[in-house]
Amino acid sequence: MPIALTPPPVPEVKNLKNAKAQPTKRKIICFSDFDGTIFKQDTGHVLFDTHGCGTERREALDEQIKTGERSFRDVSEEMWGSLNVPFEDGFKVMERTLEIDPDFQSFHKYCLENNIPFNVISAGLKPVLRKVLDKWLGEEASSRIDIVANDAHISEDGSEWKPIWRHDTELGHDKARSITEARREAEQECEDDTIPLIVFIGDGVSDLPAAREADVLFARRGLRLEEYCKQHGIPYIPFDTFADIQREIQRIREEDERRTGGKGRPAFFNPRANLWRRMSSQTAVPRYVVMSPTREEQTIAWSEALNNLKATTDAQAAQGQGQNQSPVSSAPAVQGHAVPHHVQSAA
């Protein structure tokens, strides 16, 4: 009989309300991708290559996502659907294959000691991610990490693996929406109109929607997210291990306290992310992106919204031509990302 292996539900981002322990310190909330970031390998790829469609087919499907031929959600359903292995047997291959970042456990301890909520945000399956964290961190430490990801239905005999998507979008899980919801909740808990600082940690282009919502972005050195940031002038901080992230966050905390006293707008504030957040959830794409979106932005981030907003922009442009007005003249000016002096960005 089919069973769902998802652990009992826990309130997501449940630690947002704990930041009052240090009233003079700004609330900092960390979000991190899982596959390729906390762990060096991709949990799904390990399963697909060993017990599913195989490496060659999986790579062909990945290419269909990159070219825009098929949506991430559509391809992911085929990949997960190719599995035919009981959950516990599938986990055994992950135990043999996965490698955790050597400094992640120390970083997580740092977050706990400094009242910094740490959340995993992933396009993967929650029961898989929770099982992995339980194994590598221990159940007590794992329980202190909220996982914002897709649920899953997995049959007892392993013949059916079916994602239960978090959002009804082409991505299945709109990471940007999840971070925005967490930010709004955190802002409601802040006093004196203090704005929380959002940190995002990732490695791939699929992290771009969430990365744009962050005030401080960490990109794993040498991988696709860093390459994309360089190509498109997106400020970021490169890292090799979570020890680098810990040092930078400590420095940012100290600098913010010195410059703002932990009040009002963060010293390291991303106006572009906040412009993005002011748009509605259905049209959350700035006009300057709509006018010339890259292929990956169209494929990865809000393709439907891009098309809808592009049509509106074209209509306004036609109207504006008759009035000698620019169709984008009313768009807010985009400022530079207020980040540390050594943060990498394209020249």
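Residues numbered from 1 in each chain as written. Predicted model: local features only at pLDDT ≥ 70, side-chain atom pairs only at ≥ 80, totals over all residues. Heavy atoms only, no water.

**Regarding the side chain of Thr194**
Tracing the backbone through its elements, the reader meets Thr194 in the loop between helix H8 (175–189) and strand E5 (197–202). A polar contact of 3.4 Å, which involves the side chain of Thr194, links it to the backbone nitrogen of Gly264. Those residues in contact with Thr194 that sit more than four places away from it in its chain are Arg26, Gly262, Lys263 and Gly264. (Helix = DSSP H or I, 4+ residues; strand = E, 2+ residues; numbered from the N terminus. Polar contact = N/O pair within 3.5 Å; in protein donor to acceptor, adjacent residues only side chain to side chain. Contact = heavy atoms within 4.5 Å.)

**A word on the sheet that holds strand E7 (residues 237–239)**
Strand order in the open sheet formed by 7 strands is E4-E3-E2-E1-E5-E6-E7, with mixed pairing between adjacent strands. Strands at the two margins of the open sheet, each flanked by one partner only, are strand E4 (161–164) and E7. The average angle at which neighbouring strand axes cross in this sheet is 25°, direction not considered. Examined bridge by bridge, strand E2 (residues 118–125) and strand E3 (residues 146–154) share 4 bridges and lie parallel to one another. Paired with Ile121 across the bridge in E3 is Val148. (Pairing = 2+ DSSP bridges. Axes fitted to C-alpha atoms, helices over the stretch in contact; angles between N-to-C directions.)

**Some points on the confidence of the model for the protein**
The pLDDT averaged across the protein works out to 79; a share of 71% of its residues lies at or above 70. A low-confidence stretch, residues 276–313 (pLDDT under 50), is modelled with 72 contacts involving residues beyond four sequence positions or located in other chains. Low pLDDT, under 50, characterises residues 323–342; the stretch is placed with 34 contacts to residues that sit more than four places away or in other chains. (pLDDT = per-residue confidence, 0-100.)

**Observations concerning the pattern of salt bridges**
Counted according to the given criterion, the structure contains 22 salt bridges. In this structure, Arg70 and Glu78 form a salt bridge, with 2.9 Å as the shortest nitrogen-oxygen distance. Under the relative-accessibility criterion, Arg70 is labelled buried at 18%. Glu227 is paired through a salt bridge with Arg224; the nearest N and O atoms lie 3.7 Å apart. (Salt bridge = Lys/Arg side-chain N within 4 Å of Asp/Glu carboxyl O. Buried < 20%, exposed > 50% of the residue type's maximum accessible area, 1.4 Å probe, protein only.)

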